[in-house]
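# Residue-level structural notes
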Amino acid sequence: MPYKMKSSQSVDFLSQSSIDLGFIKDELQKVDRIDPGLRKEVLKNIESVVSSQETDWILKNGTTNLVDYVVYRYKFKNFPRARRLEQFPLHLLLEPTSVCNLRCPMCFQSDSSFHTKEYMGMMDSGFFKSLVDQAVENNCKCLTLASRGEPTLNKDFGKMLEYCKDKFFELKVNTHATVLSERLCYEILDSGVNIVVFSVDSYYKEEYEKIRVGGNFEQVLENIKRFCEIKKRNKTLPKTTTRISGVYLGQGQSKREMLDFWKDIVDVVTFTDVVPRWDTYNNESMNYNTPCDMLWERMYVWYDGTCNPCDFDYKSRLKVGDAKKQLLKDIWTGKPYTKYRKMFLDGMREKLYPCNRCNVY
Ligand code: SF4
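In this text the structure is predicted, and so the values were computed from the model without any measurement. (Residues numbered from 1 in each chain as written. Predicted model: local features only at pLDDT ≥ 70, side-chain atom pairs only at ≥ 80, totals over all residues.)

## So, the overall build of the chain
Tallying secondary structure elements over the chain gives 14 helices and nine strands in all. Radius of gyration (C-alpha) of the chain: 20 Å, near the 21 Å computed for a compact globule of 361 residues. In terms of its C-alpha atoms, the chain occupies a principal-axis envelope of roughly 55 × 50 × 45 Å. By the burial criterion, 37% of the 361 residues in the chain qualify as buried. Expressed as a percentage of contacts within the chain between residues at least 6 apart in sequence, the contacts between residues at least 24 apart total 74%. (Helix = DSSP H or I, 4+ residues; strand = E, 2+ residues; numbered from the N terminus. Rg over C-alpha atoms; globule rule 2.2 N^0.38 Å. Buried ≥ 20, exposed ≤ 12 C-beta atoms within 10 Å, placed from the backbone. Contact = placed C-beta atoms within 7 Å.)

Given below as structure tokens:
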């Protein structure tokens with residue numbers, strides 16, 4: 001039985017804080033720029049909107065943007081599942097590079113047919129800026145710098161981060177931390193990144209290096225510890241949340257020991273069951289007929305401008321547009337996206353390749 005994955009997963013913090021929901025409700029009531037119907041929905045669901053992740057954000061960012069942030073989180077958590085479409089993706093993911101220096105068996109980077117000129121490259125920083133500008137113009141609040149490759153391998157990554165500063169409620173970086181230099185640590189922290197996700201699946205060398213093929217455990221541990229030390233020492237830097245995100249391959253990895261090892265170093269530890277995404281195109285048919293939330297939530301832009309609904313489809317069979325020729329907002333509401341959404345709603349997932357071989361719903 002294949003593991004079935006929800007397209008969004010919740011995150012638990014190692015130290016829990018609470019926040020006064022009554023205060024948030026009062027603030028929501030005071031602001032008249034919010035559509036009354038939407039306000040009513042948010043108020044009714046406030047407990048589920050403000051969980052540990054939102055509490056962490058509010059405690060770190062203060063109340064200046066509180067109302068807009070809470071409304072944004074409500075949309076993020078509810079609109080995709082309700083098939084409510086905004087005029088721009090709620091979450092934009094930009095790929096600084098498709099190149100990676102590791103060959104982890106659970107990742108599509110282990111597919112040798114992906115390592116051709118057609119798929120490999122670096123995003124130009126001028127192009128990156130034009131994408132960020134569009135996100136800001138269209139009131140997008142969530143940007144992730146990562147996708148198919150390791151973002152820190154782009155030599156302009158620091159400049160890219162700097163350009164994003166103070167433009168988003170949620171700015172996220174995913175990295176395996178193998179080349180996380182001291183300079184990069186400062187660049188990430190200075191730019192106000194909210195969440196840094198370190199992709200690490202173990203707490204000891206032999207297991208880590210068996211999974212993260214090409215990585216060196218001592219080096220990665222040193223890099224992550226240095227990042228967390230710099231963060232701790234510099235009270236003036238924005239409070240970035242650090243998360244270890246591991247993939248559970250079921251080969252004797254201990255979730256308990258993983259948590260015990262990392263809990264004193266980072267803020268959050270998550271362990272997600274492995275999903276078959278290393279060769280999506282040749283998976284067996286999954287026989288799912290449920291729509292995929294991603295089509296109502298997010299858009300990926302590859303280094304060369306190719307836009308895609310997800311990175312499970314890492315060779316862009318579902319390509320929805322070209323950001324070098326079209327505006328992102330036009331791609332989001334354009335023909336390919338509209339067609340795919342309709343196919344899902346009409347129960348035709350099995351006719352959409354590779355959605356019929358993908359276990360996200
Ligand atoms: S391949 Fe299809 S079903 Fe899977 S994540 Fe992508 S869009 Fe969703």
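Moving on from the model shown.
## Focus on the packing of helix 6 (residues 125–137) against helix 7 (residues 157–164)
Running from N to C, helix 6 and helix 7 point in directions that differ by 20°, and their axes come no closer than 10 Å. With respect to helix 7, the axis of helix 6 lies roughly parallel. Both helix 6 and helix 7 take part in a crossing whose hand is right-handed. Contacts between helix 6 and helix 7 involve Ser-125, Phe-128, Lys-129 and Val-132 from the first element and Lys-159, Met-160, Tyr-163 and Cys-164 from the second. Class assignment for the residues of the contact of helix 6 with helix 7 results in five nonpolar, one polar and two charged. (Axes fitted to C-alpha atoms, helices over the stretch in contact; angles between N-to-C directions. Parallel < 35°, antiparallel > 145°, perpendicular 65-115°, else oblique. Left-handed = near helix turned anticlockwise from the far one by under 90°. Nonpolar A, V, L, I, M, F, W, Y, C, P; charged D, E, K, R; others polar.)

## Notes on the sheet that holds strand 8 (residues 306–308)
If you walk across this open sheet you meet the nine strands as 6-5-4-3-2-1-7-8-9, and the pairing is mixed. Both edges of this open sheet fall to strand 6 (268–273) and strand 9 (321–322), since each of them pairs with a single strand only. Pairing geometry for strand 7 (residues 298–301) and strand 8, over two bridges, is antiparallel. Within strand 8, the position partnered with Tyr-300 by the bridge is Asn-308. Strand contacts of helix 11 (residues 255–262): strand 5 (241–248) and strand 6, with the helix running at about 155° to strand 6, the strand carrying the most contacts. (Pairing = 2+ DSSP bridges.)

## Some details on the pairing of strand 4 (residues 195–199)
A regular strand places its side chains on the two faces of the sheet in alternate fashion. Counting buried residues in strand 4 gives five out of five residues, a clear majority hidden from the surface. Burial along strand 4 is two-sided: Ile-195, Val-197 and Ser-199 and Val-196 and Phe-198, pointing in opposite directions, are all buried. Pairing of strand 3 (residues 170–175) with strand 4 involves four bridges; the strand directions are parallel. Bridged to Lys-172 within strand 4 is Ile-195. On the question of chirality, the crossover connecting strand 3 to the parallel strand 4 by way of helix 8 (residues 182–190) is right-handed. With five bridges joining them, strand 4 and strand 5 adopt parallel strand pairing. Residue Ile-195 lies in a different strand from strand 5, and its bridge partner there is Thr-241. (Right-handed = clockwise from strand over helix to strand, strands pointing away.)

## Quick look at the site of the ligand
Taken together, Cys-292, Met-294, Leu-295, Pro-309, Cys-310, Phe-312, Asp-313, Pro-354, Cys-355, Cys-358 and Val-360 form the complete shell of residues around the ligand. Split by residue class, the shell around the ligand holds ten nonpolar, no polar and one charged. (Near = placed C-beta within 6 Å.)

## Details of the environment of Val-200
Mapped onto the elements of the fold, Val-200 is located in the loop between strand 4 and helix 9 (205–211). On the basis of neighbour count, Val-200 is assigned to the buried category, with 26 C-beta atoms found within 10 Å. Once residues within four sequence positions are removed from consideration, Val-200 is found in contact with Tyr-208, Val-220, Ile-244 and Gly-246.

## Brief notes about the nonpolar core
In terms of nonpolar packing, the biggest core is built from 75 residues, with Val-70 and Leu-143 touching the most fellow members. Contact partners of Val-70, with chain neighbours within four places excluded, come to Ile-24, Leu-28, Val-42, Val-49 and Val-50. Counting five residues, the second-largest nonpolar core is a separate cluster that includes Cys-107, Phe-108, Ile-211 and Tyr-314. (Core = buried A, V, L, I, M, F, W, Y, C linked by C-beta atoms within 7 Å.)

## As for helix 5 (residues 66–78)
End to end, helix 5 covers 18 Å across 13 residues, agreeing with the expected 18 Å (1.5 Å per residue, within 8%). Of all the residues in helix 5, the buried ones are Tyr-69, Val-70, Val-71, Tyr-72, Arg-73, Tyr-74, Lys-75 and Phe-76. Those residues of helix 5 that are buried lie in contact with helix 1 (21–30), helix 2 (36–44), helix 3 (46–49), helix 4 (52–61) and strand 2 (142–145). (Expected span 1.5 Å × (residues − 1).)

## Considering the confidence of the model for the chain
With 95% of its residues at a pLDDT of at least 70, the chain reaches an overall mean of 92. Contacts of residues 1–10 to residues separated by more than four positions or lying in other chains number 20 contacts, the stretch itself having pLDDT below 50. (pLDDT = per-residue confidence, 0-100.)

## Comments concerning unusual backbone geometry
Following Tyr-353, the chain continues to Pro-354 via a peptide bond in cis, the omega torsion being 10°. Within the fold, Pro-354 resides in the segment after helix 14 (335–345). Even without glycine at this site, Asn-139 takes up a positive phi of about 65°. Checked against the element boundaries, Asn-139 lands in the loop between helix 6 and strand 2. In this structure, Ala-177 is a non-glycine residue whose phi angle is positive, near 65°.

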